[in-house]
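Chains, contacts and geometry: an overview
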Amino acid sequence: MDHLLEVKNLEVHFKTYGGEVKAVRDVSFHVDKGETVAIVGESGSGKSVTVQTVMGLIPTPPGKIKNGEILFDGQDLLKLSKKQMQKIKGSKIGMVFQDPMTSLNPTMKVGKQIEESIRAHQSLKGNEIKKRAIEMIRLVGISNPAERYDQYPHEFSGGMRQRIMIAIALACQPKVLIADEPTTALDVTIQAQVLDLMKDLKDEMDTSIILITHDLGVVAETAERVAVMYGGIIVEAGTVEDIFREPKHPYTWGLLESVPDITKDEKKRLVPIEGSPPDLFSPPKGCPFAPRCKYAMEVCVEEMPPAFDVGEDHHAKCWLNDPRTPKLEDLVAAGREA
Amino acid sequence: MYIVKRLLTMLVTIWVIASLTFLIMKIIPGDPFASDADVLPEEVLENVRAKYNLDEPIPVQYLMYMRDLATFDLGISIQSETRDVNGIIADGAPASALLGTQALVIALVFGLLLGIIAALNHNKFLDYLSMFIAIIGISIPSFILAPLLIKYFAVDWGLLPVASWGTWEHSILPSFALAATPLAVIARFMRSSMLEVMNQNYIKTADAKGLPVTKLVISHGIRNAILPVVSFIGPLFVFLITGTFVIEKIFAIPGIGRYFVDSIFNRDYPVIMGTTIFFSSILVVTLFLIDLSYRFIDPRIKLTSGGE
Ligand SMILES: Nc1ncnc2c1ncn2[C@@H]1O[C@H](COP(=O)(O)OP(=O)(O)O)[C@@H](O)[C@H]1O
Ligand code: SF4
Ligand SMILES: [Mg+2]
């Protein structure tokens, strides 16, 4: 079956004074219509670079897309011209960023900032555009939308600004909404409200969501599938059930610390794992997690583990899943006890 | 309320400047009649001094001057006894204003343009070229640049006139000579401001809307990058005013600056006072207008009596 959005073997590097940062190395994932896919992983693992590449937001230079395909609507986004890509950005794929305090233009009325995106993609008349913008402000749960339309970002709180960002991203009813840690910068009480809003609008507009988050509780509540990133690689991907109940990668185990029961309403934040993330300037040729992995074997350092299928649409890049690796279940059991 | 308070502050500022100028004039040694002292008999000199109230005690002179100033009477020039200072300013103002305004416009337009081009071509040829031009503009003072401009554009290539002041063409070279340094400073300022703004998150937001690059640059980039440059217009104005003194001298332009410079050498007290007060009034009003304009340019700034 064709996916709505499919990223294949994406590789993105950055040229810096210190050398070449291999930020994203061989990332593949897909998003189907109407589903929410979460991307989790510690900071610096390449989550933002991955989704910004999908949006064509990576500055080149210093960025360089070395390899890969991004299939959307039957075409490879990486092969499109700037002009063609502009037609897709904001119209078919919308994006919400992490920091609402700096993501809106401080000298432009928020209404105008919503209008810009409508104007760029839809052939509506002036007052229709304004009507639509006000409608979007109302839709994201802000009262007095007509008055708010004429206000500037500094007159909004962080949560309200993120709602405006959501209004901008959804103004043209995109097929995919990319939300890069949309609630990380917000107060805890506001976080839930903004997430609920996104969930509601997703159902209303039948939009798919790529959600980058640090909060495993959020993943359990909102996502259907999860991709776990480490050192520029998706080390494990599967359904929420797979990842929470049957994780097959030691890094995922570390993230979950002890696998929480998805049926219990338990919230877990990412717990830092001992050791430091791999050097992206010269990543190891083997498994990037090997230096921090309790189960590392000789082969791990020597050779990059391929994506082992460990279930339907569930795979993990870890040698423990190789049928030749003995007593996998024992090792896992030992790991859980330890 | 804010406006009233500002206007009062402006008046006080001008009064303080006038008083300080008066005081400094009295402290600096010199005598407007020094060159006449040998030729004129003592009684005549006495009479002349009395005419300008110079025989009164200094505090009385001060009060008399302030009284006249309150009625916008700046007195009569000592050097050319027939002319009052108001007339001198009225005569010189058009030329100075044309020169200053043109230089201001040139510096702003070309400075901003150069800065924007440089920023958009960051670390590329046009960036290096723009900044090379800017460094030349900053490091060559106008009294060196002016003769060079005259030599090439007027004498060698005969493109522009230089000998007199009359047609608009005459004002081109002096305007550019005056504008060169502020143009270069603005270019560098705008470049770094623009570079910073284009790296802001809201530019990425605008990009993610699928806007064309021109929109990103104009309605999101330049609009925000120009804000810090506006605060630079005040100092720029000071620079242009002092700059006109030199340029008017070099290009023999009949502006106020020339009278001002001459009046200092001649100790022509009324002219010194009058031109100083005139220039500082213009400056104070300009700073006020810049403040006001902030309100329209930056919605985050509200006009309030106190605070920010
Ligand atoms: N413009 C850039 N220039 C150089 N390196 C970059 C740039 N953008 C991202 N990187 C590097 O790419 C890596 C991945 O970053 P990112 O995708 O932002 O991580 P995450 O979102 O998972 O926290 C980091 O090491 C970061 O330093
Ligand atoms: S491949 Fe080896 S080092 Fe990497 S996670 Fe699996 S066991 Fe650990
Ligand atoms: Mg990130």
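Everything that follows concerns the structure shown earlier in this document.
Only a predicted model underlies this, so the values are computations on that prediction, with no experimental measurement involved.

Moving on, we get to the interface of chain B and chain A. Note on interface size: it is often stated as the accessible area lost on association of the parts. If you look at the interface, chain B gives 22 residues, while chain A gives 26 residues. Summed over both partners, the interface of chain B with chain A buries about 2000 Å², with 57% contributed by carbon and sulfur atoms. Where chain B meets chain A, there are two salt bridges. Two residues, B:Lys209 and A:Glu116, come together in a salt bridge whose shortest N-O distance is 2.8 Å. For the interface between chain B and chain A, the tally reads 13 residue pairs in polar contact (both at pLDDT 80 or more).

For ligand 2, the set of nearby residues contains 13 residues, the closest of which are A:Cys287, A:Cys293, A:Cys300, A:Cys318 and A:Trp319. Looking at the shell around ligand 2, its residues break down into twelve nonpolar, one polar and no charged.

Further remarks concern the side chain of A:His30. Residues and elements named next belong to chain A. Secondary-structure assignment places His-30 in strand E2 (residues 19-31). Accessibility expressed as a relative area gives 11% for His-30, which makes it buried. A polar contact is formed between the side chain of His-30 and the side chain of His-3, at a distance of 3.2 Å. Here His-30 is in contact with His-3, Leu-5, Glu-6, Glu-35, Val-37, Arg-225 and Asp-313, once residues within four sequence places are set aside.

All names here are of chain A. One pass over the full model with this rule turns up six cavities of 30 Å³ or more. The calculated volume of the largest cavity comes to roughly 80 Å³. Taken together, 14 residues form the lining of the largest cavity, with Pro-250, Cys-287, Cys-293, Cys-300 and Cys-318 sitting closest to its centre. In the lining of the largest cavity, the residues fall into twelve nonpolar, one polar and one charged. Taken as a whole, the second largest cavity spans an internal volume of roughly 60 Å³. Lining the second largest cavity are eleven residues, and of these Thr-183, Thr-184, Thr-213, His-214 and Asp-215 sit closest to its centre. Of the residues assigned to the lining of the second largest cavity, the class counts are three nonpolar, five polar and three charged.

A word on helix H6 (residues 142-156) of chain B. Residue and element names in this part refer to chain B. The terminal C-alpha atoms of H6, which comprises 15 residues, lie 19 Å apart, in line with the 21 Å expected from a rise of 1.5 Å per residue. The complete set of buried residues in H6 reads Ser-142, Leu-145, Ala-146, Leu-149, Ile-150 and Ala-154. Elements that come into contact with the buried residues of H6 comprise helix H7 (169-198) and helix H10 (233-250). Gly-158, located one to two residues past H6, shows a positive phi value of around 60°.

As a further point, take the packing of aromatic side chains. Any aromatic ring pair is given by two values, namely how distant the centres are and how the planes are angled relative to each other. Residues and elements named next belong to chain B. Tallied over the entire structure, the rule returns 15 aromatic pairs over all chains. Aromatic side chains Phe-22 and Tyr-62 sit 5.4 Å apart centroid to centroid with 65° between the ring planes, which places their arrangement in the edge-to-face category. With Phe-22 in helix H1 (residues 2-27) and Tyr-62 in helix H3 (residues 58-70), this residue pair connects regions lying 40 residues apart in the sequence. No difference in accessibility class separates Phe-22 from Tyr-62, as the two residues are buried. An aromatic cluster is defined as three or more aromatic residues linked by ring pairs; in this entry it consists of Phe-245, Phe-260, Phe-278 and Phe-279. Across the ring face of Tyr-269, the terminal group of Lys-26 is positioned such that the distance to the ring centre comes to 4.6 Å. Between Lys-151 and the ring centre of Tyr-152, over which it is positioned, the NZ or CZ distance is 5.1 Å.

All names here are of chain A. Ordered by their spatial adjacency, four strands build an open sheet running E2-E1-E4-E5, and the pairing between neighbours is antiparallel. The open sheet has two edge strands with one neighbour each: E2 and strand E5 (75-76). Bridging between strand E1 (residues 5-16) and E2 involves nine bridges; their strand directions are antiparallel. Note on E2: the bridge partner recorded for Val-12 is Val-24. The sheet contacts of helix H1 (residues 47-54) involve E1, E2 and strand E4 (63-72), and relative to E1 the element is tilted by about 115°.

Attention shifts here to the sheet that holds strand E12 (residues 314-316) of chain A. All names here are of chain A. Read from one edge of the open sheet, eight strands run E6-E7-E8-E3-E9-E10-E12-E11, paired in mixed fashion. Here the strands that pair on one side only, and so sit at the sheet edges, are strand E6 (93-96) and strand E11 (308-311). The mean inter-strand angle of the sheet, taken between neighbouring strand axes irrespective of direction, is 20°. Relative to strand E7 (residues 176-180), E6 runs parallel, the two being bridged by four bridges. Bridge pairing in E7 places Val-96 opposite Ala-179.

This paragraph deals with the nonpolar core. Inside soluble globular proteins, nonpolar side chains tend to come together where they are buried. Residue and element names in this part refer to chain B. Judged by nonpolar contacts, the single largest core of 79 residues is most densely connected at Tyr-65, Met-190, Met-194 and Phe-251. In terms of residues, this core owes the most to one element, helix H4 (residues 85-120), which gives 15 residues. Apart from the residues lying within four places of it in its own chain, the contact partners of Phe-251 are Ala-146, Ile-150, Val-162, Leu-173, Pro-174 and Ala-177.

Take the site of ligand 1 next. All names here are of chain A. In the neighbourhood of ligand 1, the contacting residues comprise Phe-14, Thr-16, Ala-23, Glu-42, Ser-43, Gly-44, Ser-45, Gly-46, Lys-47, Ser-48, Val-49 and Leu-280. The contact in question runs from an oxygen atom of ligand 1 to an N or O atom on the backbone of Ser-45, over 3.2 Å. Considered on its own, ligand 1 offers 560 Å² of accessible surface; in the complex 67% of this is hidden by protein. For the shell around ligand 1, the secondary-structure elements that each account for two or more residues are E1 and H1. Broken down by element, the shell around ligand 1 gets its largest block of residues, three residues, from H1. The residue inventory of the shell around ligand 1, partitioned by class, reads four nonpolar, six polar and two charged.

Another aspect to go through is the packing of helix H3 (residues 110-121) of chain A against helix H6 (residues 158-170) of chain A. Residue and element names in this part refer to chain A. Running from N to C, H3 and H6 cross one another at 25°; their axes reach a closest spacing of 8 Å. Here H6 runs roughly parallel to H3, going by the angle between their axes. Classified by chirality, the crossing of H6 by H3 is right-handed. Residues Val-110, Gln-113, Ile-114 and Ser-117 of H3 form the contact with H6, whose participating residues are Ile-164, Ala-167 and Ile-168. Tallied by class, the residues present in the contact of H3 with H6 amount to five nonpolar, two polar and no charged.

Turning to the layout of surface pockets, a few remarks are in order. Counted as a void, the largest pocket has a volume near 1600 Å³. Surrounding the largest pocket, 39 residues form its lining, A:Ile58, A:Pro59, A:Thr60, A:Pro61 and A:Lys82 being those nearest its centre. The element contributing the most residues to the lining of the largest pocket is helix H8 (residues 201-208) of chain B, with four residues. Among the residues making up the lining of the largest pocket, the classes are represented as 21 nonpolar, eleven polar and seven charged.

So, how was this worked out
- Residues numbered from 1 in each chain as written.
- Chains lettered and ligands numbered in written order.
- Predicted model: local features only at pLDDT ≥ 70, side-chain atom pairs only at ≥ 80, totals over all residues.
- Heavy atoms only, no water.
- Contact = heavy atoms within 4.5 Å.
- Buried area = accessible area lost by both parts, 1.4 Å probe.
- Salt bridge = Lys/Arg side-chain N within 4 Å of Asp/Glu carboxyl O.
- Polar contact = N/O pair within 3.5 Å; in protein donor to acceptor, adjacent residues only side chain to side chain.
- Near = heavy atom within 4 Å.
- Nonpolar A, V, L, I, M, F, W, Y, C, P; charged D, E, K, R; others polar.
- Helix = DSSP H or I, 4+ residues; strand = E, 2+ residues; numbered from the N terminus.
- Buried < 20%, exposed > 50% of the residue type's maximum accessible area, 1.4 Å probe, protein only.
- 1 Å grid on protein atoms, 1.4 Å probe; cavity = no way out; pocket = protein on both sides within 12 Å on 5 of 7 lines; lining within 4 Å.
- Points joined across faces, edges and corners; volume = space filled by probe spheres on them.
- Expected span 1.5 Å × (residues − 1).
- Phe/Tyr/Trp six-rings, centres within 6.5 Å; stacked < 30°, edge-to-face > 60°.
- Lys NZ or Arg CZ within 6 Å of the ring centre and 35° of its normal.
- Pairing = 2+ DSSP bridges.
- Axes fitted to C-alpha atoms, helices over the stretch in contact; angles between N-to-C directions.
- Core = buried A, V, L, I, M, F, W, Y, C linked by side-chain atoms within 4.5 Å.
- Areas by Shrake-Rupley, 256 points an atom, 1.4 Å probe, with all protein chains shown as cover.
- Parallel < 35°, antiparallel > 145°, perpendicular 65-115°, else oblique.
- Left-handed = near helix turned anticlockwise from the far one by under 90°.

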